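# Architecture at a glance
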Amino acid sequence: MFRATTASLCAYCHRLRLLPSTGAYPSSTLVSSLAENQHTVSTLYDLSVDIRKVRKFKSWVLFESPTYVRETASLLHDMGADTACVARVLETHPEAILCRPEDVAAQRDLWASVCPNQRELVGIIEKFPASFFAVTHHANQRANIRYLQSMRLSKRIIGKLMASAPQSFSRPVERNQEVIHTLRETYLDLGGDEGNLRVWLQKLLSQNPFIMLRPAEAWRDSLGFLHDRGFTTEQLLQLVSSLRACISEMDPTTMRQAMDYTQAALDCSDGELHDIVLRCPALLYYSVPVLAGRFSGLMDAGLTAEQVRETPNVLELTTQIVTYRISKLGSYGYDVRSGSLDVIVGTKKDFEASYGRLKLRTERPLFNPVAPLRCSEE
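The rules behind these values
Along each chain, residues carry numbers from 1 onward, in the same order as the chain's sequence is written. Totals for whole chains, interfaces and linings use every residue, but because this is a predicted model, local features are given only for residues with pLDDT of at least 70 and side-chain atom pairs only at 80 or more, for both listing and counting. Side-chain measures were taken over the full set of non-hydrogen atoms in the model, leaving aside hydrogen atoms and water. In summary, the pairing rule links any two rings of Phe, Tyr or Trp, Trp by its six-membered ring, whose centres are within 6.5 Å, and it sorts them by plane angle into stacked for under 30 degrees, edge-to-face for over 60 and tilted for everything else. Nine residue types can take part in a nonpolar core, namely buried Ala, Val, Leu, Ile, Met, Phe, Trp, Tyr and Cys, and a core is a set of them joined through side-chain atoms within 4.5 Å. With a 1.4 Å probe rolled over the protein chains alone, any residue whose accessible area is under 20% of its type maximum counts as buried; one over 50% counts as exposed, and the rest are partly exposed. Pairs of residues are marked as contacts when any of their non-hydrogen atoms sit within 4.5 Å. The term salt bridge refers to a side-chain nitrogen of Lys or Arg lying within 4 Å of a carboxyl oxygen of Asp or Glu. For the purposes of this entry, the term helix denotes a DSSP run of H or I that reaches at least four residues, the term strand denotes a run of E that reaches at least two, and both are numbered from the N terminus. Known as pLDDT, the predictor's per-residue confidence is scaled from 0 to 100.

### Digging into the packing of aromatic side chains
Using the criterion set out here, one finds 4 aromatic pairs in the structure. Ring centres of Tyr-285 and Tyr-286 lie 5.6 Å apart, and the angle between their planes is 65°; on these two criteria the pair is classed as edge-to-face.

### Here's the deal with the nonpolar core
Judged by nonpolar contacts, the single largest core of 103 residues is most densely connected at Trp-200, Trp-219, Leu-226, Leu-239, Val-314 and Ile-344. When near neighbours in sequence (up to four residues on either side) are disregarded, Val-314 contacts Leu-298, Val-308, Val-322, Leu-341, Ile-344 and Val-345.

### Description of the pattern of salt bridges
Under the criterion given, the structure shown has 15 salt bridges. One salt bridge connects Glu-36 with Arg-55, and the closest N-O pair in it is separated by 2.9 Å. Pair noted here: Glu-36 is in the loop between helix H2 (27–32) and helix H3 (38–46) and Arg-55 is in helix H4 (residues 51–58), with a separation of 19 residues, a long-range link. Arg-55 sits in the partly exposed class, given a relative accessible area of 37%. Note that Arg-108 and Asp-109 form a salt bridge whose closest N and O atoms lie 3.2 Å from each other. It is possible to trace a salt-bridge network through shared partners that takes in Arg-100, Glu-102 and Asp-103.

### What to know about the side chain of Thr-40
Within the secondary structure, Thr-40 sits in helix H3. With relative accessibility at 0%, the residue Thr-40 sits in the buried group. Apart from residues lying up to four places away in sequence, Thr-40 is in contact with Leu-62, Glu-64, Thr-67, Val-69 and Ile-97.

### Re the environment of Arg-119
With respect to the helices, strands and loops of the structure, Arg-119 is situated in helix H8 (residues 118–127). Sequence separation of Arg-119 and Ala-81 is 38 residues, and the distance between their C-alpha atoms is 7.9 Å.

### Points about the confidence of the model for the chain
Taken over all residues, the pLDDT of the chain has a mean of 83, while the share at 70 or more is 85%. A low-confidence stretch, residues 373–378 stays under pLDDT 50, and its non-local contacts, those more than four residues away or across chains, total 0 contacts.

Laid out in structure tokens, this is it:
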């Protein structure tokens, strides 16, 4: 009997741990919340929401009270969302039904200030529901929107930042001002043009929406290290302007190790190494084991260090991708071991285009402009 009682208590405590913190809720409320809110369940069911999916990933929401299922669905419908869209949003982010209608309405108005097209806003909500239903920091969100608008950033960029990195809008505006100020000063100190600053900022933020969450010191440390390694201000400006380089996320120790390994593996001078990094900035944030594995795979495939020096972007590809592309090209008589690696670098779409051109070249005979034409009358 004692064992049965103990097992029952353990099961009860386990259920309590699965529920969200109740704070100052009285014990009677806690006990009653151990049963699912049947009104919530039935309303979600009426809206064609997959209850099994909610139970699997966010079951605690179904125990909460009060909930605002109808109100949330109605607001989304008023914005232009169809029934299927509403169901997907509530399945993906069922916490939305815990937000008070007035808070969601305020959030809708806030987002409308940077996304005036409601159809586009519905698309954002469907893709980033957690960002839209973060309704607890309206004052900070509003202040950050005003600040970024004062920087003349486009509404589309601001909307993308809000969707992809909502944390940067939830925190005090002063912290984002510090990061933007550092970015601005860095760009200008490296010789950037004031007239191009806004475009540069928009490209940078569009590429990496989380950049404002990185400490401003990270920029100074990374650029300071690269400057000490001999990169000129013009080269540093090219790096920070590159859409493939995220200076703020690069650790000086990792960069040093990656550059030392690359220089030794490719047997190149400091100047040649700088040129290689400028053409393939990704080298700066790859770890040595990753670089060693890829370089070894290239050598095993019969390529040379000289080819890699000429086309360093090949190190962005995994060994499996390189092997597949070499084999694919070989089936049409193209041997990369005796030619350029340009044909195998780039995205899958880039390679397919290059491969398609080679395929056509082998299948279609060259046109001879001086050959006599054959007439059907002959």
